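# Descriptive analysis of the structure
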Amino acid sequence: MVMKNYPPQFKADAVALYQSRPEATIRQVAADLGINPETLRNWVRAAGASRPRGRRADVPTEPPTPLEAENAALRKKVRELEEEREILRKAAKYFAGETRW
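Residues numbered from 1 in each chain as written. Predicted model: local features only at pLDDT ≥ 70, side-chain atom pairs only at ≥ 80, totals over all residues. Heavy atoms only, no water.

The name an unreviewed UniProt entry assigns to the protein chain is Transposase, from the organism Streptomyces graminofaciens.

### What about the overall build of the protein chain?
Under the convention used in this document: Where helices and strands are cited, they refer to DSSP runs of H or I of at least four residues and of E of at least two residues respectively, numbered from the N terminus. Three labels apply to residues, based on accessible area from a 1.4 Å probe with only protein chains included: buried if under 20% of the type maximum, exposed if over 50%, partly exposed otherwise in between. Note on contacts: a residue pair is in contact if any heavy atoms of the two residues lie within 4.5 Å. Note that accessible areas follow from Shrake-Rupley with a 1.4 Å probe, and for residues the cover is restricted to the protein chains shown.
In terms of regular secondary structure, the protein chain is built from four helices and zero strands. The N-to-C order of helical and strand elements in the protein chain reads α-α-α-α. Taking all 101 residues of the protein chain together, 23% fall into the buried category. The contacts of the protein chain with a sequence gap of at least 6 include a subset with a gap of at least 24, amounting to 69%. Carbon together with sulfur atoms contributes 54% to the accessible area of the protein chain, which is approximately 7,800 Å² in total.

### Observations concerning helix H2 (residues 26-33)
Because the α-helix completes a turn every 3.6 residues, residues three or four places apart line up on one side. Which entries qualify depends on this criterion: This arc is taken over the directions from the axis of the helix to the C-beta atoms.
Those residues of H2 that sit buried are Ile26, Val29, Ala30 and Leu33. Looking down the long axis of H2, one finds its buried residues gathered within 100 degrees of arc, a one-sided arrangement. Every exposed residue of H2 that faces more than 90 degrees away from the buried side is listed here: Arg27 and Ala31. Elements that come into contact with the buried residues of H2 comprise helix H1 (8-20), helix H3 (37-47) and helix H4 (66-95). Just downstream of H2 lies Gly34, where phi reads positive at about 75 degrees.

### Topic: the nonpolar core
As a reminder, the rule being used: Take the buried residues of types Ala, Val, Leu, Ile, Met, Phe, Trp, Tyr and Cys, join any two whose side-chain atoms come within 4.5 Å, and each joined set is a nonpolar core.
By size, the foremost hydrophobic cluster in this structure holds 17 residues, and its most contacted members are Phe10, Val29, Leu33, Ile35, Leu40 and Trp43. Where this core is concerned, the elements lending two or more residues are H1, H2, H3 and H4. In terms of residues, this core owes the most to one element, H1, which gives five residues. In this structure Leu40 touches Ala14, Val15, Ile26, Val29, Ala30 and Ile35, once residues within four positions along its chain are discounted.

### So, the confidence of the model for the protein chain
Note the cut-off: Along the chain, pLDDT gives the predictor's confidence residue by residue, from 0 to 100.
Model confidence for the protein chain is summarised by a mean pLDDT of 84, while 82% of its residues fall at 70 or above. Mean pLDDT values over the elements of the protein chain span from 90, in H1, up to 93, in H3.

### Side note on the pattern of salt bridges
Pairing between side chains of opposite charge can happen when their charged atoms approach one another. As a reminder of what qualifies: In what follows, salt bridge is the name for a side-chain nitrogen of Lys or Arg lying within 4 Å of a carboxyl oxygen of Asp or Glu.
The tally for this structure, following the rule as stated, stands at seven salt bridges. A salt bridge links Asp13 to Lys90; the nearest nitrogen and oxygen atoms lie 3.4 Å apart. Of the two residues, Asp13 is situated in helix H1 and Lys90 in helix H4; the sequence distance between them amounts to 77 residues. Both residues of the pair, Asp13 and Lys90, belong to the buried class. Residue Arg21 is joined to Glu80 by a salt bridge in which the shortest nitrogen-to-oxygen separation is 3.9 Å. Residue Arg21 is found in the loop between H1 and H2, and its partner Glu80 is found in helix H4; the two are separated by 59 residues along the sequence. On the basis of relative accessible area, Arg21 is assigned to the buried category, the value being 7%. Members of the salt-bridge network, linked through shared partners, are Arg21, Asp32, Glu80 and Glu84.

Put into structure tokens, the structure is as follows:
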């Protein structure tokens, strides 16, 4: 088995991506990044990262309208895809021989 060395910035970005997606598992995020799930799990543990637990509201809020809910879901997906694209862009540069992060 070949051991790969990942730059610290890639590791930090991968952990941040995992933290930003509370609905995703380590396995899903690792698959998105093309890395071993155990590798990501080790990085998360080493970073002492925890996931956001969600917000607690003292005052009950009205449920969003279907259109607001859809807009929020789409904005969240766009943010996730932009983060993933940035991480993959950096990884592609790194593995292409451009060591600048």
